[in-house]
Amino acid sequence: MTDAQASDTHLQHTVEKIGGTSMSQFDAVKKNIFMNPALQGNYYQRIFVVSAYSGITNMLLEHKKTGQPGIFALFSDAEEQQSWRDAMADLRSRMLEINGELFVGQKEEHLKKANEFITGRLDDAEHVLQDVSSLCQHGHFALSDYIQTIREMLASLGEIHSAYNTTQLLQLNGINARFVDLSGWASTQQYSLDENISHAFKDIDLDKELPITTGYSHCQGGLMAIFDRGYSEMIFSRIAVLTGAREAIIHKEFHLSSADPGIVGADNAVPIGRTNYDVADQLANLGMEAIHPRAAKGLRQQNIHLRVKNTFEPEHGGTLITRDYVSDSACVEIIAGRVGVYAIELFDQDMVGDLSHYEKQFLAQITRFKAQVINKDLNANTITHYLSANLKTVKRIQASLGELFPGAEINVRKVCIVSAIGSDLKIPGMLARSAQALADAGVDILGVHQCMRQVDIQFVLDEEDYTTAIKAMHKQLVEVYNHGRAIKLA
């Protein structure tokens, strides 16, 4: 940005992020976002942060949901070099295949340029992996000293690929797009995240240029070390905060709706028009991120509104998330949940009067094995943590607890969590109505959680009851109002 823009506290620009699934359908993205006819040719005063194409980050690191190893996971195991080399070859083939699909109909020189760019980065990355592997054959060097840096380097490749291609394609369509590479690929200087962003944008004229920014940024300490797979949303958030955006917008392949349309039916699930950051945090805790909680923090503090839009319905206002919004009358806005949750129950008669010691040790093991806590409950002699983790990790936690508390009884059970969420749930009898809806559907409740902030009610259930519970609660708590109170179009 120019100095004049930086000093203006009433900027009109937006910062917009495009998700990976949307990025993989560039023609729709170009038509509905970059060159939407409703803009009437006013394509500037916007900054775009783009994610890697769908599936690419999984190939680079590991599959986000299944844990299937990608290049990083195969390399870090260090058992057999050929496996990561094969994975790198598969990645190279897939990236060039994507280029061929994107640049179809363009002159051969444009495809050649795109291919040369990404193959150059891939060659560099492969050489680095080989050099580190060779170095670590010597006893004085350990792979663990380099592993986080390698993860950062590999993660950046997906965003570099999509941002560069998008810039070239928009230029071919007459837009003055500018590739903003935050990856630090050839940089000899170390910046903090904010310094890197500020340096990259200091000379950009938003009146005349359309920045296409990598969803990954190199920075001191490493971005993924803190945010892991939520790094692109953190870049998006910090750019919005540092440039003083009027609004932050995330383009996804779906609406933020009152429930999963695939479960409750497309005619019953409707887009949420407005909600607040508290609700967004609850969704993130259930793995249904509107935005990463730490990314939301900066927007919330600066009172920057966040809008979540459906890429394929550009005329729809989407969901507006603000700091202070509360629905006109208390109501449930969303029924959401999470499957694949493991409950670890620690029971010990000696816990009575020494609860804090047990809780501290329990949390230490969860942190040690890098599981995510979704919720917990406790009483005089029992602590239960509900975790998002794979079974291997859960078994390790169970075994370590057994060593720490040999006299304890430690049980593991696979469950699901279903939650009623709203910006204001101060409704007399809401808990009773929710429980009755589940009872009427024949669902047995294993646990209930409701805190004083009155933003959500969580039910722990058998995993097989997940779909039934979502349908029953949505019908009783949302559909009964015909969406009149829960849905406020922005």
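Scroll up to find the structure.
The structure contained in this document is the topic of the report that follows. (Residues numbered from 1 in each chain as written. Predicted model: local features only at pLDDT ≥ 70, side-chain atom pairs only at ≥ 80, totals over all residues. Heavy atoms only, no water.)

Topic: the overall build of the protein
Here is the rule we go by: Secondary structure elements follow DSSP: runs of H or I of four or more residues count as helices, runs of E of two or more count as strands, with numbering from the N terminus. For this measure, only C-alpha atoms enter the radius of gyration; the expected value for a globule follows 2.2 Å times N^0.38, where N is the number of residues. Note on classification: 1.4 Å probe, protein chains only; a residue is buried when its accessible area is under 20% of the maximum for its type, exposed when over 50%, partly exposed between these limits. The contact definition used throughout considers only heavy atoms, calling two residues in contact when any of these lie within 4.5 Å. The Shrake-Rupley method, run with a 1.4 Å probe, gives the accessible areas here. Residue values count only the displayed protein chains as cover.
When helices and strands are counted, the protein shows 18 helices and 14 strands. Relative to a compact globule of 490 residues, whose C-alpha radius of gyration would be 23 Å, the protein shows 24 Å and is just as compact. In the protein, which comprises 490 residues, the proportion classed as buried is 52%. In the protein, of all internal contacts separated by at least 6 residues, the share reaching a separation of at least 24 is 75%. Surface exposure of the protein reaches about 22,200 Å², of which carbon and sulfur atoms provide 48%.

Observations regarding the nonpolar core
Put simply, the test is: Nonpolar cores were defined as sets of buried Ala, Val, Leu, Ile, Met, Phe, Trp, Tyr and Cys residues, with membership established by side-chain atoms within 4.5 Å.
Of all hydrophobic cores here, the largest spans 100 residues; its most connected members are Leu154, Leu299 and Leu306. For this core, the element with the highest residue contribution is helix α8 (residues 147-172), accounting for 11 residues. Among residues more than four places away in sequence, those in contact with Leu299 are Phe236, Ser237, Ala240, Val241, Ala248, Tyr277, Ile291, Ile304 and Leu306.

As for the environment of Ile150
In this structure, Ile150 sits in helix α8. Separated by 21 residues in sequence, Ile150 and Leu129 place their C-alpha atoms 7.8 Å apart. Setting aside residues up to four positions removed in sequence, Ile150 forms contacts with Phe72, Phe75, Leu129, Val132 and Leu143.

Some points on the environment of Ser83
You can see Ser83 is positioned in helix α6 (residues 81-102). For the pair Ser83 and Asp267, spaced 184 residues apart in sequence, the C-alpha to C-alpha distance is 47 Å.

Concerning the sheet that holds strand β5 (residues 247-252)
Rule in force here: Two strands are said to pair when DSSP picks up at least two bridges between them. To get an axis, a line is fitted to the C-alpha atoms, and for a helix only the part in contact is used. The angle between two axes follows their N-to-C directions and goes from 0 to 180 degrees.
Strand order across the open sheet formed by 8 strands is β3-β4-β2-β1-β5-β7-β8-β6, with mixed pairing between neighbours. Each of the sheet's edge strands pairs with one partner strand only, and the pair in question is β3 (177-180) and β6 (274-276). Here the strands of the sheet are splayed against their neighbours by 25° on average, with no regard to which way each runs.

A short note on the pattern of salt bridges
We count it as follows: A side-chain nitrogen of Lys or Arg and a carboxyl oxygen of Asp or Glu constitute a salt bridge if their distance falls within 4 Å.
What the rule picks out here adds up to 19 salt bridges. With a closest N to O distance of 3.2 Å, Arg92 and Glu126 form a salt bridge. In this pair, Arg92 is assigned in helix α6 and Glu126 in helix α7 (residues 108-135), connecting sequence segments 34 residues apart. For the salt bridge of Asp462 with Arg413, the shortest nitrogen-to-oxygen distance reads 2.6 Å.

A look at the layout of surface pockets
The rolling of a water-molecule-sized probe over the atoms marks out the regions of remaining empty space. To be explicit about the condition: Cavity means a closed set of points on a 1 Å grid over the protein atoms alone, one where a 1.4 Å probe fits but cannot get out, pocket means an open set with protein on both sides within 12 Å along at least 5 of 7 lines, and lining means a residue has an atom within 4 Å of a point. Grid points are joined across faces, edges and corners, and a volume is the space filled by probe spheres set on the points. Polar here means any residue outside two lists: the nonpolar Ala, Val, Leu, Ile, Met, Phe, Trp, Tyr, Cys and Pro, and the charged Asp, Glu, Lys and Arg; Gly therefore counts as polar.
In this model, the second largest pocket occupies a volume close to 330 Å³. Taken together, 19 residues make up the lining of the second largest pocket; nearest its centre are Thr149, Glu152, Met153, Tyr216 and His218. Split by residue class, the lining of the second largest pocket holds 6 nonpolar, 11 polar and 2 charged.

Describing the packing of helix α17 (residues 430-440) against helix α18 (residues 466-477)
Filter applied, for reference: For classification, angles of less than 35 degrees are called roughly parallel, those exceeding 145 degrees roughly antiparallel, those between 65 and 115 degrees roughly perpendicular, and all remaining angles oblique. In this scheme, a crossing is called left-handed if the near helix is turned counterclockwise away from the far one by less than a right angle; it is called right-handed if the turn is clockwise.
At a closest axis distance of 8 Å, the pairing of α17 and α18 adopts a crossing angle of 135°. Classed by the angle they form, the pair α17 and α18 counts as oblique. Pair α17 / α18 crosses with right-handed handedness. On α18, the residues touching Met430, Arg433, Ser434, Ala437 and Leu438 of α17 are Ala469, Ala472, Met473, Gln476 and Leu477. Residue classes in the contact of α17 with α18 are distributed as 7 nonpolar, 2 polar and 1 charged.

Description of the packing of aromatic side chains
Inclusion rule: Aromatic rings from Phe, Tyr and Trp, with only the six-membered ring used for Trp, were paired whenever their centres fell within 6.5 Å, and each pair was classed as stacked if the ring planes differed by under 30 degrees, edge-to-face if by over 60, and tilted otherwise.
A complete count under the given rule lists 8 aromatic pairs for this structure. Here Phe75 and Trp84 contribute two aromatic rings whose centre-to-centre distance is 5.5 Å and whose plane-to-plane angle is 80°, an arrangement assigned as edge-to-face. A relative accessible area of 3% places Phe75 in the buried class. Judged by its relative accessible area of 2%, Trp84 falls in the buried class. Pairing Tyr216 with Tyr231 gives two aromatic rings, centres 5.7 Å apart and planes at 80°, and the pair type is edge-to-face. One end of the pair, Tyr216, is in the loop between β4 (210-214) and α10 (224-227); the other, Tyr231, is in helix α11 (residues 231-243), and 15 residues separate them in sequence. Of the two residues, Tyr216 and Tyr231, neither departs from the other in class, the shared state being buried. By the ring-pair criterion, three or more aromatic residues cluster together here, those being Phe26, Phe34 and Phe48.

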